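Descriptive analysis of the structure
This is what each chain is made of:
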Amino acid sequence: MAFNETWQLRARFAKSLSDMYGEEVPAYTTLVEVSEEVNKRYMEKMGASAERLGSIERVTAERHGAIRVGSPREMGQVAQVFAAFGMYPVGFYDLREAAKSSVPVVSTAFRPTDKQELAKNPFRVFTSMLATDDPRFFSDDLQKGLHEFIDSRTIFGGELLEMAAKAQEQGGLDDVDADKFIELATAAFKLNDEPIDDEWYRELEAISAVASDIGGVRYTHINHLTPRVLDIDDLYSSMESRGITMIDEIQGPPAWKGPDILLRQTSFRALDEERIFRFADGSVGPGALRVRFGEVEQRGIALSPKGRELYDALIAETDKRLQAGEAPTRVEVARKVWEENLPDSEQGLREQGLAYFTYAVAPGATVEPGTYKVEELIAEGIVIAEPIVYEDFLPRSAAGIFQSNLKEAGTRDNEQQGTDYDIETMSKIVGREIKEPFELYRAQEEASLEELATNLKITIQPTAAVAQA
């Protein structure tokens, strides 16, 4: 009987969720088809350079999902399930502060953290937890009602959690157990046809559609599955040419003449989906919800803390100029700001310590013993630099996607003091340490420099990115 290693379980899980979501949201299948067409066109246009940030096989297979849970108990349980797939929490995102609309959630992302594991299958799931104890959104009575409702439901059953523990302990499962585990894990994120309490749902929806989607139903579900494309601007126009309405703009960095950095995201607008409701008079009948959408992403180079600080400053400058009416669209303003302040080459990013790279010996290259700077070795053709792909998320972009798909802005009482959450608090909730993305990228660059020095038998000075505290 064949044994399914952890990465194989992860690949099967991603495929199973994708198949299920395509049945539930047919427009997602269209999104995947268009994504593949866009990537093919980009490959034909750019040739080998198209794979600068990942092989076409990886990019085509790549997905990230998004789910929402309602309590620390549910967050801890989903962490156990994802750990069985080799997916661990990375990064802390507070969408309460990043969104203009009412988005009362805090989030982390579960993903592989090892370079080889990412190359085998980079499935990620952005996982949000409802901040039920934040008085800016929920009164005392609503908090009590939410806690009672969420505590009374079971999303992740005992058999699923037991199999997850077994898979993690063994580093995989045999075929029979793997089939069962994938079936149970997929079912945990499938839409449920249990009638929704209309009165309770609408009470929460008045505060936030995100709150009602989490705390107004007795299950969780996939909110979106996101393919990766190599040209998100082509994707955006291609989807609209098919008559699919996209959100107003692409979130994140603008398209510009320099290297792609961090993450660009967009989506088609959330669609009305029929669900069954139980109404106040006791009757049961159909109603419509509009909470699920089709997101797509284009990934760029991972920035260092210095690079991220500059990125945040450029975003603030863009907002300032946009408000002053410098140009009609955010993208036009941002492009100008980028060109004025950001190096337009990978070399510039490296020299200023703004981004992370890995380094390897060029085929057949040798060098005399001594101490060298990496840029000297690159200039002499001895070393090859490869950008490290940004594997994580941007709070403002995530919030922008969320709020672009909400019918109403919702409500929040900013006179109240918000409940504090940070990466340490979320680590306790998840039940394991949440890794800082910067630490993972820096360690990857450091490891490549150490290997490079060993292979060339030389001493290499720290790069500007690694030298940062």
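Residues numbered from 1 in each chain as written. Predicted model: local features only at pLDDT ≥ 70, side-chain atom pairs only at ≥ 80, totals over all residues. Heavy atoms only, no water.

In the annotation of an unreviewed UniProt entry, the entry for the chain reads 2-oxoadipate dioxygenase/decarboxylase, and the organism field reads Corynebacterium striatum.

Topic: the overall build of the chain
The number of helices and strands found in the chain is 19 helices and 16 strands. Against the 2.2 N^0.38 benchmark of 23 Å for 469 residues, the chain shows a C-alpha radius of gyration of 23 Å, consistent with a compact globule. Taken along the three principal axes of its C-alpha coordinates, the chain extends 85 × 65 × 45 Å. Looking at the chain as a whole, 56% of its 469 residues qualify as buried. Considering only contacts in the chain between residues 6 or more positions apart, those separated by 24 or more positions represent 75%. Of the roughly 19800 Å² that the chain leaves accessible, carbon and sulfur atoms contribute 48%. (Helix = DSSP H or I, 4+ residues; strand = E, 2+ residues; numbered from the N terminus. Rg over C-alpha atoms; globule rule 2.2 N^0.38 Å. Buried < 20%, exposed > 50% of the residue type's maximum accessible area, 1.4 Å probe, protein only. Contact = heavy atoms within 4.5 Å. Areas by Shrake-Rupley, 256 points an atom, 1.4 Å probe, with all protein chains shown as cover.)

Re the packing of helix α4 (residues 72-83) against helix α8 (residues 158-170)
At a minimum axis distance of 8 Å, the contact between α4 and α8 shows a crossing angle of 45 degrees. As judged from the angle between their axes, α4 and α8 are oblique. The crossing of α4 and α8 is left-handed. Contacts from Q77, Q80, V81 and A83 in α4 reach L160, L161, A164, A165 and Q168 in α8. (Axes fitted to C-alpha atoms, helices over the stretch in contact; angles between N-to-C directions. Parallel < 35°, antiparallel > 145°, perpendicular 65-115°, else oblique. Left-handed = near helix turned anticlockwise from the far one by under 90°.)

Points about helix α19 (residues 437-456)
With 20 residues, α19 should reach 28 Å at 1.5 Å per residue; the first-to-last C-alpha distance of 29 Å fits that figure. Among the residues of α19, P437, L440, Y441, E445, S448, L449, L452, A453 and L456 are the ones counted as buried. Structurally, α19 contributes buried residues whose contacts are with β3 (88-94), β4 (105-111), β13 (357-361), α16 (374-379), β15 (383-387) and β16 (459-460). One or two positions beyond α19, positive phi appears at K457, with a value near 55 degrees. (Expected span 1.5 Å × (residues − 1).)

Quick look at the packing of helix α7 (residues 140-151) against helix α10 (residues 198-207)
One can describe the packing of α7 onto α10 by two numbers: an axis separation of 12 Å at closest approach and a directional angle of 125 degrees. When the axis of α7 is compared with that of α10, the two are oblique. Note that α7 runs across α10; the crossing there is left-handed. Of the residues in α10, those in contact with L142, G145, L146 and F149 of α7 are W200, E203, L204 and I207. Of the residues belonging to the contact of α7 with α10, the class tally is six nonpolar, one polar and one charged. (Nonpolar A, V, L, I, M, F, W, Y, C, P; charged D, E, K, R; others polar.)

Section: the side chain of T220
With respect to the helices, strands and loops of the structure, T220 is situated in the loop between α11 (209-215) and β8 (224-227). At 2.7 Å, the side chain of T220 and the backbone oxygen of R68 are in polar contact. If we skip the residues at most four places from it in the chain, T220 touches I67, R68, I155, F156, A188, F189 and K190. (Polar contact = N/O pair within 3.5 Å; in protein donor to acceptor, adjacent residues only side chain to side chain.)

Observations regarding the pairing of strand β11 (residues 284-289)
Taken together, the six bridges between strand β10 (residues 273-278) and β11 define a ladder with antiparallel strand orientation. The partner of E273 across the bridge, within β11, is L289. Where β10 folds back on β11, the antiparallel hairpin that results is connected by five residues, among which G282 adopts a positive phi of roughly 90 degrees. (Pairing = 2+ DSSP bridges.)

Thoughts on the pattern of salt bridges
Tallied over the entire structure, the rule returns 40 salt bridges. A salt bridge links R52 to E346; the shortest N-O distance between them is 2.6 Å. Here the residue R52 occupies a position in the loop between α2 (26-46) and α3 (56-61), and E346 occupies one in helix α15 (residues 346-351), the gap between them amounting to 294 residues. Salt-bridge contacts for E205 lead to R202; the nearest nitrogen and oxygen are separated by 2.9 Å. (Salt bridge = Lys/Arg side-chain N within 4 Å of Asp/Glu carboxyl O.)

Side note on the sheet that holds strand β2 (residues 63-69)
Strand order in the open sheet formed by five strands is β3-β4-β5-β2-β8, with mixed pairing between adjacent strands. One side of each edge strand has no neighbouring strand; the edge strands of this open sheet are β3 and β8. Neighbour to neighbour, the strand axes of the sheet diverge by 20 degrees on average, direction disregarded. Here β2 pairs with β8 via four bridges, running antiparallel. Note that in β8 the partner of G65 across the bridge is L225.

Structural notes on the nonpolar core
Grouped burial of nonpolar side chains is what soluble globular proteins tend to show. Formed by 69 residues in total, the largest nonpolar core has its most connected members in W338 and Y359. Looking at which element gives the most residues to this core, the answer is α19, with five residues. Not counting the four nearest positions on each side in its chain, Y359 is found in contact with R350, V374, I378, V383, I384, A385, E445, S448, L449, L452 and T463. Formed by 61 residues, the second largest nonpolar core is a distinct cluster that contains V34, A131, A178 and M246. (Core = buried A, V, L, I, M, F, W, Y, C linked by side-chain atoms within 4.5 Å.)

Remarks on the pairing of β3
Taken across its seven residues, β3 has five buried, putting it largely inside the fold. Alignment of β3 against β4, held across five bridges, turns out to be antiparallel. Its bridge partner lying in β4, Y88 is registered against R111.

Overview of the confidence of the model for the chain
Scored by pLDDT, the chain has a mean of 92; 98% of the residues are at 70 or more. Here helix α17 (residues 395-404) is the element of the chain with the lowest mean pLDDT, 72, and α4 is the one with the highest, 98. (pLDDT = per-residue confidence, 0-100.)

Things to note about unusual backbone geometry
Of note in the backbone geometry, L262 takes a positive phi value of approximately 55 degrees without being a glycine. In this structure L262 comes out as buried when scored by relative accessible area, which is 1%. Unusually for a residue other than glycine, K457 sits at a positive phi of about 55 degrees. Mapping K457 onto the fold places it in the loop between α19 and β16. The class of K457 is exposed, set by a relative accessible area of 68%.

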